[in-house]
Amino acid sequence: MRLDTFETYDDPRCNITAVTQEAFARTLPRLPAGTGVGEAYERLMDMTMQLAADDVQGLRDRRGPCEVHLIPLVSLYGFRFGELDDEFRPWLVQVDALPKKRRAVYRLIASLGWTNARTAEVLGCSEGWTSKLMKQAKDDLTTAGVSVEELQKGFFDVETDRRKEKACPM
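For clarity, every value in this text was computed on a predicted model and none was experimentally measured. (Residues numbered from 1 in each chain as written. Predicted model: local features only at pLDDT ≥ 70, side-chain atom pairs only at ≥ 80, totals over all residues. Heavy atoms only, no water.)

Draft legend 1. Representation of the nonpolar core within the structure. Counting 18 residues, the largest nonpolar core has V95, Y106, L141, L151 and F156 as its most contacted members. In this structure, L151 is in contact with F88, W91, L92, V95, Y106, V146 and F156, ignoring residues within four places of it in sequence. If you look at the next biggest cluster of nonpolar residues, it comprises six residues, including V68, A104, L112 and V122. (Core = buried A, V, L, I, M, F, W, Y, C linked by side-chain atoms within 4.5 Å. Buried < 20%, exposed > 50% of the residue type's maximum accessible area, 1.4 Å probe, protein only. Contact = heavy atoms within 4.5 Å.)

Draft legend 2. Inspection of the pattern of salt bridges at higher detail. All told, the structure shown has five salt bridges when counted by the stated rule. For D139, the salt bridge is made with K135, and the minimal N-O distance between the two is 2.8 Å. With D139 and K135 both in helix α8 (residues 127–143) and four residues apart, this pair spans about one turn of that helix. Since its relative accessible area comes to 36%, D139 is described here as partly exposed. (Salt bridge = Lys/Arg side-chain N within 4 Å of Asp/Glu carboxyl O. Helix = DSSP H or I, 4+ residues; strand = E, 2+ residues; numbered from the N terminus.)

Draft legend 3. Focus on the layout of surface pockets. By volume, the largest pocket is sized at about 310 Å³. V68, K100, K101, A104 and L123 are, among the 13 residues lining the largest pocket, the residues nearest its centre. It is helix α6 (residues 100–111) that provides the largest number of residues to the lining of the largest pocket, a total of five residues. Here the lining of the largest pocket is composed, by residue class, of nine nonpolar, no polar and four charged. (1 Å grid on protein atoms, 1.4 Å probe; cavity = no way out; pocket = protein on both sides within 12 Å on 5 of 7 lines; lining within 4 Å. Points joined across faces, edges and corners; volume = space filled by probe spheres on them. Nonpolar A, V, L, I, M, F, W, Y, C, P; charged D, E, K, R; others polar.)

Draft legend 4. Layout of the environment of L98. The topology assignment puts L98 in the loop between α5 (89–96) and α6. Take L98: its relative accessible area is 5%, and that puts it in the buried class. Once residues within four sequence positions are removed from consideration, L98 is found in contact with R103, Y106, A137, D140 and L141.

So, in structure tokens, the structure goes:
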């Protein structure tokens, strides 16, 4: 559910974990006995999407710094790994292990494709500072054995394209 909600709204200012937890709290106690798994999932997703839409609507016009909520990459994508792309799992673990500010900048720019200016605005710092944090994050990842360029092209760019296709079917 978190992945579906994340992919629908694709905005880390929306606290997907809190939204999902709230959907469970509101939906599960109201499910009639004998409700099938498929129907329960649909009701949970309906509630989750409504709560996320309300949250995102409140963030749309907000300017200035705000908190970002980054779900660990391995949690988001771990279930999708197969023989062909399992090589990315240890690299995603390294991204998740970056210090909080470096991780946020790296994820917003590399994974979500945000501009340096937008990232700086949302995090409440200068563009020079986000550039510095991005460089430090890339250096940390390279030191940890991550091929930053291959991770970008082979995973993040592929995932971004897949999300775009899913959001805008032809």
